[in-house]
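Okay, here's what each chain looks like letter by letter:
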Amino acid sequence: DAVVRRIVGAKADVVAVQETWGVLWRLEQRLAPYGYVKVADSGNEGMFAKTSKLAAVTAATTVTACDDETVHPTVDTGQWGTTTPHTDEAGNTWYLDDGVWSREAWVCRDSIVQAPQVGQTVIAPGGRAGAAWAMLRVRKTGKAYLFVSAHLSTGKNSVARKRSKEAAQLLAVTAAAAGGRPRVFAGDFNSSIQRGKDTVGARFTKAGFKDAYTTTKTRKGAGYNTATGYGKKPATGGSHIDRVMLPRGAVATRWEVVVKVRGGKAVTPVPSDHAPVRVSVVLR
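Computed from a predicted structure; not experimentally measured. Per-chain numbering applies: the sequence of each chain, read as written, is numbered from 1 onward. Totals for whole chains, interfaces and linings use every residue, but because this is a predicted model, local features are given only for residues with pLDDT of at least 70 and side-chain atom pairs only at 80 or more, for both listing and counting. Excluding hydrogens and water, the side-chain values take into account all heavy atoms of the structure.

K.L.:
Describe the pattern of salt bridges, and please don't skip the residues or the numbers.
P.N.:
When a carboxyl oxygen of Asp or Glu is within 4 Å of a side-chain nitrogen of Lys or Arg, the pair counts as a salt bridge. What the rule picks out here adds up to eight salt bridges. As a salt-bridge pair, R109 and E69 come within 2.4 Å of each other at their nearest N and O atoms. Of the two residues, R109 is situated in strand β8 (residues 100-116) and E69 in strand β5 (residues 58-71); the sequence distance between them amounts to 40 residues. Here's how the labels work: a residue is buried when its accessible area is under 20% of the maximum for its type, exposed when over 50%, partly exposed in between, all with a 1.4 Å probe on protein chains only. In this structure R109 comes out as partly exposed when scored by relative accessible area, which is 49%. Numbering of helices and strands starts at the N terminus; helices are DSSP runs of H or I of at least 4 residues and strands are runs of E of at least 2.

K.L.:
Any chance you could break down the packing of aromatic side chains for me, citing the residues and the numbers?
P.N.:
Ring pairs are drawn from Phe, Tyr and Trp, using the six-membered ring of Trp, whenever the two centres fall within 6.5 Å, and their geometry is named by plane angle: stacked under 30 degrees, edge-to-face over 60, tilted for the rest. For the structure shown, the criterion picks out eight aromatic pairs. Ring centres 5.9 Å apart and planes at 45° place the aromatic pair W80 and W94 in the tilted group. Placement of W80 in the loop between β5 and β6 (86-87) and of W94 in strand β7 (residues 93-97) is noted, with a sequence separation of 14 residues between them. Its relative accessible area of 13% is what places W80 among the buried residues. Here F204 and F209 contribute two aromatic rings whose centre-to-centre distance is 5.8 Å and whose plane-to-plane angle is 80°, an arrangement assigned as edge-to-face. Judged by relative accessible area, which is 0%, F204 ranks as buried.

K.L.:
Please provide a residue-by-residue account of the environment of P73, values included.
P.N.:
By the element assignment, P73 lies in the loop between β5 and β6. Considered as a pair, P73 and R103 are 30 residues apart in the sequence and their alpha carbons are 8.5 Å apart. Look past the residues within four positions of P73 in its chain and what remains in contact with it is W80, W94 and W101. Pairs of residues are marked as contacts when any of their non-hydrogen atoms sit within 4.5 Å.

K.L.:
Now, about the sheet that holds β8: what can you tell me, with residues and values included?
P.N.:
Strand order in the open sheet formed by four strands is β5-β8-β7-β6, and the pairing between neighbours is antiparallel. Both edges of this open sheet fall to β5 and β6, since each of them pairs with a single strand only. If DSSP finds at least two bridges between two strands, the strands pair. As paired strands, β5 and β8 are joined by 14 bridges and run antiparallel to one another. Residue pairing in the sheet places T61 in a bridge with V113 of β8.

K.L.:
Now, about the state of the cysteines: what can you tell me, with residues and values included?
P.N.:
A pair of cysteine sulfur atoms is labelled a disulfide when the two atoms are within 2.5 Å. As enumerated under the stated definition, the model contains one disulfide in all. Here C66 engages in a disulfide with C108; their sulfurs sit 1.9 Å apart. Looking down the S-S bond of the C66 and C108 bridge, the torsion is 110°, so its handedness is right-handed. Of this pair, C66 sits in strand β5 while C108 is found in strand β8, placing the two residues 42 residues apart along the sequence. Here C108 falls in the partly exposed class, since its relative accessible area comes to 41%.

The quantities given are spatial measurements derived from coordinates; they are silent on function.
See the structure below:
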């Protein structure tokens, strides 16, 4: 209930969530009445979009459907006689019924359908790092973007080099999926300027992306860590490991760590050990 209230209260058009094993389907059901649909799902990472604001971009895709069917021989059965069953030279067993030979077979057929452009990748074994993405079109402008929900390996400076490689892999895989369209990343990168070795930020900067936090002066809750913990008081210090990375031309007009505090204490129930990062962005 607390998670749903926090998402709905943020009034976001796109919602990226991570570490969702076993609960993503529950969020899907609970968010549907508020106009959200699940657009990406890797099990551990997921994404929802407001259907009034965004639409899935589809592409022609070959789909294979298989089922048990009754089939008939395509060869001359005149030499088979009338003894049933009969096994042909290929090892298939046929049965005679009212003078007609037939058998049950597993038949697969291909068809072309329009399917949403979605994908996922495992970056580190065991679900410790991965991503899910969807190509979405902004209804108001008609422009399409690849939105990515990502999660990189946990750990501080000792894992910085590993996360750098994971970020490089994430950028490469999503670049192929985007097909030249802009990408917007949101997720738990487990890396921040405040932590020290921000190797992930360096990778994204080199690839032409900007942290939404650095592109705006309108900030709220910046003194809180985005990994706030479940304690009575949200963690402070301003370590922002949950980030939104923007492509060239995009500008963040507002950035906020959504933390509920009353009298210096966290408002209970605390939905998660991470606080939502809410960003308003103008996409070009």
